[in-house]
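Geometric and topological summary
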Amino acid sequence: PISTLWESGSALLHTCALSLLGRWVAAVFWAGSAVYGGGGQGSAQCPRPQALTPKPGPLVTLNKPPGLPVTGKPGELTLFSVLPELSQSLGLGDQELQVVQASGKETSGLVLLSSCPQTASRLQKFFIYSRRAQRPTATYCAVTDGIPATSEGKIQAALKLEHIDGVDLVIPVKSPSRKDFQEGVKRTLSHFHVVAMGSGCALVQLQPLTVFPSQLQVHMVLQLCPVLGDHTYSARVGTVLGQRFLLPAESTKPQRQVPDEALLRRLCLTPSQAAQLPLHLHLHCLHLPGMRPGEAPMKLLAPLPSYFSRTLQCLGLHQQ
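Residues numbered from 1 in each chain as written. Predicted model: local features only at pLDDT ≥ 70, side-chain atom pairs only at ≥ 80, totals over all residues. Heavy atoms only, no water.

1. Some words on the overall build of the protein
So the rule is basically this: Numbered from the N terminus, helices here are DSSP runs of H or I no shorter than four residues, and strands are runs of E no shorter than two. Here the term buried applies to any residue with accessible area under 20% of the maximum for its type, exposed to any over 50%, and partly exposed to those in between, with areas from a 1.4 Å probe on protein chains only. Shrake-Rupley sampling with a 1.4 Å probe provides the accessible areas, and residues are treated as covered by the protein chains on show and by no other component.
In terms of regular secondary structure, the protein is built from eight helices and 13 strands. Buried residues in the protein amount to 48% of all 320 residues. For the protein, the computed accessible surface area is about 15,900 Å², with 53% contributed by carbon and sulfur atoms.

2. Re the packing of aromatic side chains
Quick note on the threshold: Pairing of aromatic side chains requires ring centres within 6.5 Å, counting the rings of Phe and Tyr and the six-membered ring of Trp. Pairs whose planes differ by under 30 degrees are stacked, by over 60 edge-to-face, and all others tilted.
Applying the stated rule across the entire model yields one aromatic pair. Between the aromatic rings of F126 and F127, the centroid separation amounts to 5.6 Å while the plane-to-plane angle is 55°, which identifies the pairing as tilted.

3. Quick look at the nonpolar core
Which entries qualify depends on this criterion: As used in this record, nonpolar core signifies buried Ala, Val, Leu, Ile, Met, Phe, Trp, Tyr and Cys residues forming a set joined through side-chain atoms within 4.5 Å.
If you look at the biggest cluster of nonpolar residues, it comprises 28 residues, and the most contacted ones within it are L112, L123, Y140, L206, L281 and L288. Contributions of two or more residues to this core are made by strand 4 (108-114), helix 3 (117-132), strand 5 (138-145), strand 8 (186-198), strand 9 (201-208), helix 5 (215-222), strand 12 (281-288) and strand 13 (298-301). The leading source of residues in this core is strand 12, at four residues. The next biggest cluster of nonpolar side chains, apart from the first, holds 20 residues, and it includes A196, L203, L263 and Y307.

4. Points about helix 3
The following threshold applies: To estimate the expected span of a helix, subtract one from its residue number and multiply by 1.5 Å. Arc definition: directions from the helix axis to the C-beta atoms.
End to end, helix 3 covers 23 Å across 16 residues, agreeing with the expected 22 Å (1.5 Å per residue, within 8%). Those residues of helix 3 that sit buried are T119, A120, L123, F127 and S130. Here the buried residues of helix 3 occupy an arc of 100° about the axis, which is enough to place them on one side. For helix 3, the exposed residues lying more than 90 degrees away from the buried face are Q118, K125, Y129 and R132.

5. Side note on the pattern of salt bridges
Note on pairing: side chains with opposite charge can pair once their charged atoms come close. For clarity, the cut-off: Just to be clear on terms, a salt bridge is a Lys or Arg side-chain nitrogen sitting within 4 Å of an Asp or Glu carboxyl oxygen.
Tallying each qualifying case throughout the model produces three salt bridges. A salt bridge links R244 to D145; the shortest N-O distance between them is 3.2 Å. Taken as a pair, R244 in strand 11 (residues 243-246) and D145 in strand 5 lie far apart in primary sequence, 99 residues in all. Owing to a relative accessible area of 11%, D145 belongs among the buried residues under this scheme. Measuring nitrogen to oxygen at the nearest pair gives 2.6 Å for the salt bridge that ties K160 to E162. Classification of E162 by relative accessible area gives partly exposed; the value is 24%.

6. Some details on the environment of I171
Heads up, the rule is: Between two residues, a contact is recorded if the distance between any of their heavy atoms is within 4.5 Å.
Locating I171 in the fold gives a position in strand 7 (residues 167-173). Here I171 falls in the buried class, since its relative accessible area comes to 0%. Sequence separation between I171 and L161 is 10 residues, and the spatial gap between their C-alpha atoms is 6.2 Å. Among all residues touching I171, those that are not within four sequence positions of it are A158, L159, K160, E162, I164, R236, A249 and E250.

7. Here's the deal with unusual backbone geometry
Even without being glycine, S175 reaches a positive phi, approximately 45°. Within the secondary structure layout, S175 lies in the loop between strand 7 and helix 4 (178-182). At S214, a position not held by glycine, the phi torsion is positive, near 55°. Mapped onto the fold, S214 is located in the loop between strand 9 and helix 5.

8. Details of the pairing of strand 8
To keep it simple, the criterion reads: Criterion used throughout: strands pair if DSSP finds at least two bridges between them.
Direction of pairing for strand 6 (residues 152-164) relative to strand 8: antiparallel, over a ladder of eight bridges. Bridge assignment links A158 to a residue of strand 8, and that residue is R187. Connecting strand 8 to the next strand, strand 9, in antiparallel fashion are two residues, including S199 with a positive phi near 60°.

9. Details of the confidence of the model for the protein
Cut-off, in case you're wondering: Values of pLDDT, which run from 0 to 100, indicate the predictor's confidence residue by residue.
Averaged over every residue, the pLDDT of the protein is 82; residues scoring 70 or more account for 81%. Averaged pLDDT values for the elements of the protein fall to 31 in strand 1 (residues 43-45) and rise to 98 in helix 5. Low confidence marks residues 1-56, where pLDDT is under 50. Its contacts with residues over four positions away, or in another chain, come to 115 contacts.

10. Structural notes on the side chain of S108
What counts is decided by this rule: Think of a polar contact as two N or O atoms within 3.5 Å of one another; within protein, one of them needs to be a possible hydrogen donor and the other a possible acceptor, and neighboring residues in sequence only count if both atoms come from side chains.
With respect to the secondary-structure elements, S108 resides in strand 4. Side-chain polar atoms of S108 contact the side chain of H282, separated by 2.8 Å.

11. Side note on helix 5
Within helix 5, seven of the eight residues are buried, which leaves it mostly tucked inside the rest of the structure. The set of residues buried in helix 5 consists of Q215, L216, Q217, V218, H219, M220 and V221. Two residues or fewer past helix 5, L224 is found with a positive phi of approximately 65°.

12. Overview of the state of the cysteines
Rules: Criterion for a disulfide: a pair of cysteine sulfur atoms at a distance within 2.5 Å.
A complete count under the given rule lists zero disulfides for this structure. Free cysteine: C225, not disulfide-bonded; nearest cysteine sulfur from C201 at 9.3 Å.

Next comes the structure, spelled out in structure tokens:
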């Protein structure tokens, strides 16, 4: 049955632990002064799960499943906790891997690592400069419960992080004052483009131009189209007589997302199974600078997770 294609959180984490040790997660290496990966055309496609015979190089990419945090408490399974073993399994010796770019805990997709401090510093400066110049470097794929009113556009919102009932939540701020910005409110911006529509859902490409926790999830909620599998912020979208509206963010508690009956039928899921759906938000592409001035930018791609692809198939959403 289709429902078995969505893995439990513990199974995902176990799979990821094996993956990060080089069992089957895709890895791309930048060997010395060569290009990023071995694509030959200035791009590198992360291969599907397979055994790897890696070659040492300062840049490594992984295709992370959802549920794995980058950092955490001592003893927890995190990306940082397995980096030493990953370095050894990739034959990097005493070279320590550090995280350059990574998707969030609940988000799947690309993680960019480097064993070269100079390379890591150069790339981090490139990402900062690109954001200031409002040039997107990351493209996410999302499946949304609902279809945006326009096929493409910008989402702008002032956001703040608040600790509510023991949970850190992102709250939109209307008409923020100068004092609000001094106290942690930040202006955020994302581009979106609808790739496909069907069954009341959409496949959307998202490009954040700012960095804020859960930015893309909250931005899609503001479009009344929460990301499928968003069990934190989707409750802020209410429905009356088929019309969607925003509920007050400060007083709406997080709860498990339960799609309507028609969507459940398309996904072949019961409400309890849908409550375990992973977040359908995937860091699919990263743009990196060329090796030398004047060289074309590089592009890294991470294939969609199997559950994400199955959802697209069930909903008839065909990616271009």
